Amino acid sequence: MARLTLADGRALDYQVRQSARAKYMRMQLHPTHGLLVTQPPGVSARALHQWVLSQQPWITAALQKLAQHPPPAAAVSTLPERLALLATGENLHVIYTPSARKSITLHYLEHATLTLTGAVSDPAHCQQALRQWLRSYAQVHLSKQLRQVAAETGLHYVNCRIKGQQTRWGSCSARGNINLNEKLMLLPPEWVRYVLIHELCHTVEMNHSKRFWALVAGFVPEYKAIHAQMKGAMGQLPGWVR
Ligand SMILES: [Zn+2]
């Protein structure tokens, strides 16, 4: 923890976070954690403090903005600092970097970070940006996986869409179109595989008959255990994704 004195005489503490990956010094004013400053390798504590001092106009403006629009407490706590995408085995560090822009740009660095830059003081806006990103990433990952599982099982489908359903992980229409939930990205790979196979089996059996479950069991012998484990999983997901 370090301290700086603002032009109006107020003292402000800030937290320094050393990051081996960071290329530049950066700061964010977090609604609950205060001012966070990132120290990249090769930058001395003294140089970092000088830089923080030089950023006073930005800090003062950001403090003012925060005071005018205090974020709702519940919404703030639901913004993730980590995003565990069990489906792909990624545990992304989520970084919020404020800037003067009104929109939010999202930068994804594979297996490492998700950086939101722009109007990040608005939690609802951040959640929306995260959801949008999750959907586009799910579109890439889940449709690819569905293609693979279809090839492997010899089951055919027509089209695959990614949606944000509130109560179901997937669905299959009589025409063989499969809808998958973007939230599957947060589930373990074996659960995701089960959901894909479940929906693919519906292209053959449009019901939950004995024949349907026998077909599922042929591909996922342990499907009963997975089905039971998945009960209530939707309600246990982090708030921002629900
Ligand atoms: Zn079903």
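This is a predicted model, so every value here is computed, not measured. Starting afresh in each chain, residues are numbered from 1 along the sequence in its written order. Two thresholds apply to this predicted model, a pLDDT of at least 70 for residue-level local features and 80 or more for giving and counting side-chain atom pairs, whereas whole-chain, interface and lining totals are computed over all residues. Remark: hydrogens and water are excluded; side-chain values derive from all non-hydrogen atoms of the structure.

Chemist: Any chance you could explain the domain arrangement of the protein here in plain terms?
Modeler: For interface size, the figure often reported is the accessible area lost on association. Note that the domain bounds reflect an automated or database-derived domain assignment. Domain parsing of the protein yields domain 1 (1-69) and domain 2 (136-241). Taken over C-alpha atoms, the centre of domain 1 sits 45 Å from the centre of domain 2.

Chemist: Just checking my understanding: could you explain the sheet that holds strand S3 (residues 26-30) for this structure?
Modeler: The pairing of strands in a sheet comes from backbone hydrogen bonds and takes either a parallel or an antiparallel form. A pair of strands counts as paired when DSSP detects no fewer than two bridges linking them. Here a strand is any run of E in DSSP of at least two residues, a helix any run of H or I of at least four, and the numbering for each starts at the N terminus. Across the sheet, 4 strands lie side by side as S1-S2-S4-S3; this open sheet has mixed pairing. Single-partner strands in this sheet number two, and they are strand S1 (2-5) and S3. Adjacent strand axes in the sheet meet at a mean angle of 30 degrees, parallel and antiparallel pairs treated alike. As paired elements, strand S2 (residues 11-18) and strand S4 (residues 34-39) share 5 bridges and run parallel to each other. Opposite Val16, over in S4, you have Val37 as the bridge partner. It only takes one pair of heavy atoms within 4.5 Å for two residues to be counted as in contact. For helices, the axis comes from a line fit to the C-alpha atoms of the stretch in contact; other axes are also lines fit to C-alpha atoms, and the angle between any two N-to-C directions lies between 0 and 180 degrees. Across the sheet, helix H1 (residues 45-54) lies against S1, S2, S3 and S4, angled at about 135 degrees from S4, the strand it touches most. Its contacts with the sheet place helix H2 (residues 56-68) against S1, S2, S3 and S4, and it is angled at close to 20 degrees to S3.

Chemist: I tried to follow the coordination of the zinc ion on my own but got confused; where do I start?
Modeler: Tetrahedral coordination by four donors places them ideally at 109.5 degrees to one another around the metal; octahedral coordination by six donors ideally gives 90 or 180 degrees. Here a donor is any nitrogen, oxygen or sulfur atom (N, O, S) within 2.8 Å of the metal, with 3.2 Å used for Na, K and Ca; water is not among the atoms considered, so some sites may look incomplete. Each protein donor to the zinc ion is listed here as His198 (NE2), His202 (NE2) and His208 (NE2); together their distances run 2.0 Å. Linear spacing of the donor residues for the zinc ion on their chain is H-x3-H-x5-H.

Chemist: Would you take a moment to explain helix H5 (residues 189-201) for this structure?
Modeler: Along an α-helix, residues three or four positions apart point the same way, because every turn accommodates 3.6 residues. To estimate the expected span of a helix, count its residues, drop one, and scale the result by 1.5 Å. Taking 1.5 Å of rise per residue, the 13 residues of H5 would be expected to cover 18 Å, and the 18 Å separating its terminal C-alpha atoms lies within 8% of that figure. Categorising residues by exposure relies on relative accessible area from a 1.4 Å probe, with only protein chains included: less than 20% of the type maximum marks a residue as buried, more than 50% marks it as exposed, and the intermediate range marks it as partly exposed. In terms of burial, H5 is largely enclosed, as 10 of its 13 residues are buried. For H5, every residue scored as buried is listed here: Trp191, Val192, Tyr194, Val195, Leu196, Ile197, His198, Glu199, Leu200 and Cys201. Those residues of H5 that are buried are in contact with helix H4 (123-153), strand S10 (170-172), strand S11 (177-181), helix H6 (210-219) and helix H7 (223-229).

Chemist: Before we go on, may I ask you to explain the pairing of S3 in this structure?
Modeler: As a general feature of sheets, a regular strand has side chains that alternate between the two faces. Most of S3 is tucked away: 4 of the 5 residues are buried. With 5 bridges joining them, S3 and S4 adopt antiparallel strand pairing. Each residue of the ladder has a partner; that of Leu29, found in S4, is Leu35.

Chemist: What exactly am I supposed to notice about the pattern of salt bridges here?
Modeler: It is possible for side chains of opposite charge to pair when their charged atoms get near one another. Whenever Lys or Arg places a side-chain nitrogen within 4 Å of a carboxyl oxygen from Asp or Glu, that contact is recorded as a salt bridge. A full pass over the atoms with the stated rule returns 5 salt bridges. With its nearest N and O atoms 2.8 Å apart, the salt bridge here joins Glu182 to Arg131. With Glu182 in the loop between S11 and H5 and Arg131 in helix H4, the pair connects residues that are 51 residues apart, well separated along the chain. Arg131 matches Glu182 in its accessibility class, with the two residues each being buried. For Arg211, the salt bridge identified is with Glu205, shortest N-O distance 2.9 Å. Residue Glu205 is classed as buried on the basis of its relative accessible area of 11%. It is possible to trace a salt-bridge network through shared partners that takes in Arg131, Arg135 and Glu182.

Chemist: What is the right way to read the state of the cysteines from this model?
Modeler: Should the sulfur atoms of two cysteines be covalently bonded, the bond is a disulfide. Here, a disulfide means two cysteine sulfur atoms that sit within 2.5 Å of each other. Per the stated rule, a full pass over the model turns up 0 disulfides. For the unlinked cysteine Cys201, the closest cysteine sulfur is that of Cys172, found at 9.8 Å.

Chemist: Help me understand the environment of Leu4 in this model?
Modeler: Here Leu4 shows up in strand S1. Remark: the alpha-carbon pair of Leu4 and Val52, spanning 48 residues in sequence, is separated by 8.2 Å. Excluding residues within four positions of it along the chain, Leu4 makes contact with Arg10, Ala11, Leu12, Tyr14, Leu35, His49, Val52, Leu53, Gln56 and Ile59.

Chemist: Can you help me understand unusual backbone geometry in this one?
Modeler: Backbone geometry follows two general trends: most residues other than glycine have a negative phi, and most peptide bonds adopt the trans configuration. For His111, which is not glycine, the phi dihedral falls at a positive 60 degrees. The topology assignment puts His111 in the loop between strand S7 (104-109) and strand S8 (113-118).

Chemist: Could you clarify how one ought to interpret the nonpolar core in this entry?
Modeler: Side chains that are nonpolar tend, in soluble globular proteins, to be buried together. We define a nonpolar core as any set of buried Ala, Val, Leu, Ile, Met, Phe, Trp, Tyr and Cys residues linked to one another through side-chain atoms lying within 4.5 Å. The biggest cluster of nonpolar side chains holds 54 residues, and the ones touching the most others in it are Leu83, Leu85, Leu116, Leu130, Trp169 and Leu180. In terms of residue count, H4 provides more of this core than any other element does, 11 residues in total. Within the second largest apolar cluster, 15 residues are counted, among which are Leu12, Met27, Leu35 and Leu63.

Chemist: Honestly, the packing of aromatic side chains in this entry has me stumped. Any pointers?
Modeler: Aromatic ring pairs are reported here in terms of the distance separating the ring centres and the angle at which the planes meet. Between rings of Phe, Tyr and Trp, where Trp is taken as its six-membered ring, a pair exists when centres lie within 6.5 Å; planes separated by under 30 degrees are stacked, by over 60 edge-to-face, and by other angles tilted. For the structure shown, the criterion picks out 5 aromatic pairs. Look at Tyr108 and Tyr137: their rings are 5.1 Å apart centre to centre, the planes differ by 50 degrees, and that puts the pair in the tilted class. Taken together, the residues span a long stretch of sequence, with Tyr108 in strand S7 and Tyr137 in helix H4 at a distance of 29 residues. Taking relative accessible area as the criterion, Tyr137 reaches 16% and is therefore assigned buried. Between Trp213 and Tyr223, the ring centres sit 5.1 Å apart and the planes meet at 10 degrees, which makes this aromatic pair stacked. Taken together, the residues span a long stretch of sequence, with Trp213 in helix H6 and Tyr223 in helix H7 at a distance of 10 residues.

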